[in-house]
Amino acid sequence: MSKVILTVSYEIYAEKREGFLSLMKEIKEKVMSMNICTYSVYEQMGRKNKFSEVYIFNSAEDYDKFDEQEETLDSLVDKVNTEFVKEGKVSSTQVIEVL
């Protein structure tokens, strides 16, 4: 089984940092309660307020399961994107383990 990594990256408004971190804690609790993947939020070194969410799935099947259950997070993710993300710019990548 190949692992799948999903990374979602964006920059937030500096003045909204505390609210963002509080919301991300709530999101992390919900994601981890799904028992489908590991999840962490990272801040880019040297670039304050530039964050990446990293989801690590043990298989493509687990990634698909998450995709099916993701609607439980939609309102929280929408809030991140509309209230905290600078200029609404979000990038994501999905990679699958080959070796």
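Structural data are supplied above this passage.
These figures come from a predicted structure and were not determined experimentally.

Reading the values: rules and limits
- Within every chain, residues take consecutive numbers counted from 1 along the sequence as written.
- Side-chain atom pairs in this predicted model are given and counted only at pLDDT of 80 or more, local residue features only at pLDDT of at least 70, and totals for whole chains, interfaces and linings cover all residues.
- Water and hydrogen atoms were dropped before computing side-chain values, which therefore reflect all heavy atoms in the structure.
- What we call a nonpolar core is a set of buried Ala, Val, Leu, Ile, Met, Phe, Trp, Tyr and Cys residues that are connected through their side-chain atoms within 4.5 Å.
- Partly exposed residues are those whose accessible area sits between 20% and 50% of the maximum for their type, while under 20% is buried and over 50% is exposed, using a 1.4 Å probe and protein chains only.
- Counting from the N terminus, the helices are the DSSP runs of H or I reaching at least four residues and the strands are the DSSP runs of E reaching at least two.
- When checking whether two residues touch, look at their non-hydrogen atoms; a contact exists if any pair is within 4.5 Å.
- In this analysis, the expected span of each helix is defined as 1.5 Å times one less than the number of residues it contains.
- By definition, the arc is the one covered by directions from the helix axis to the C-beta atoms.
- In summary, the pairing rule links any two rings of Phe, Tyr or Trp, Trp by its six-membered ring, whose centres are within 6.5 Å, and it sorts them by plane angle into stacked for under 30 degrees, edge-to-face for over 60 and tilted for everything else.

(A) Structural detail: the nonpolar core. Counting 23 residues, the largest nonpolar core has Tyr10 and Tyr55 as its most contacted members. Secondary-structure elements contributing two or more residues to this core are strand 1 (4-12), helix 1 (17-33), strand 2 (37-43), strand 3 (50-57) and helix 3 (74-84). Sequence-distant contacts of Tyr10, that is, excluding residues within four places in its chain, are made with Phe20, Met24, Asn49, Lys50, Phe51, Glu53, Val80, Val85, Lys89 and Val90.

(B) Spotlight on the environment of Asn81. Looking at where Asn81 falls in the secondary structure, it is placed in helix 3. Separated by 71 residues in sequence, Asn81 and Tyr10 place their C-alpha atoms 9.1 Å apart. If we ignore the near neighbours within four places in the chain, the residues touching Asn81 are Gly88 and Val90.

(C) Geometry of helix 1. The end-to-end C-alpha separation of helix 1 is 24 Å, in line with the 24 Å expected for 17 residues at 1.5 Å each. When helix 1 is considered as a whole, its buried residues turn out to be Arg17, Phe20, Leu23, Met24, Ile27 and Val31. The arc that holds every buried residue of helix 1, seen down its axis, measures 125°, which confines them to one face. Exposed and oriented more than 90 degrees from the buried face of helix 1 are Glu18, Lys25, Glu29 and Ser33.

(D) Highlighting the packing of aromatic side chains. Counted under the stated rule, the structure contains eight aromatic pairs. Ring plane angle 5° and centroid distance 6.3 Å describe the contact between Tyr55 and Phe57, whose orientation is recorded as stacked. Look at Tyr55 and you get buried, because its relative accessible area is 5%. Each residue in the set Tyr39, Tyr55, Phe57, Tyr63 and Phe66 is aromatic and connected to the rest through ring pairs, giving one cluster.

Everything listed is a geometric property; what it means functionally is a separate question.
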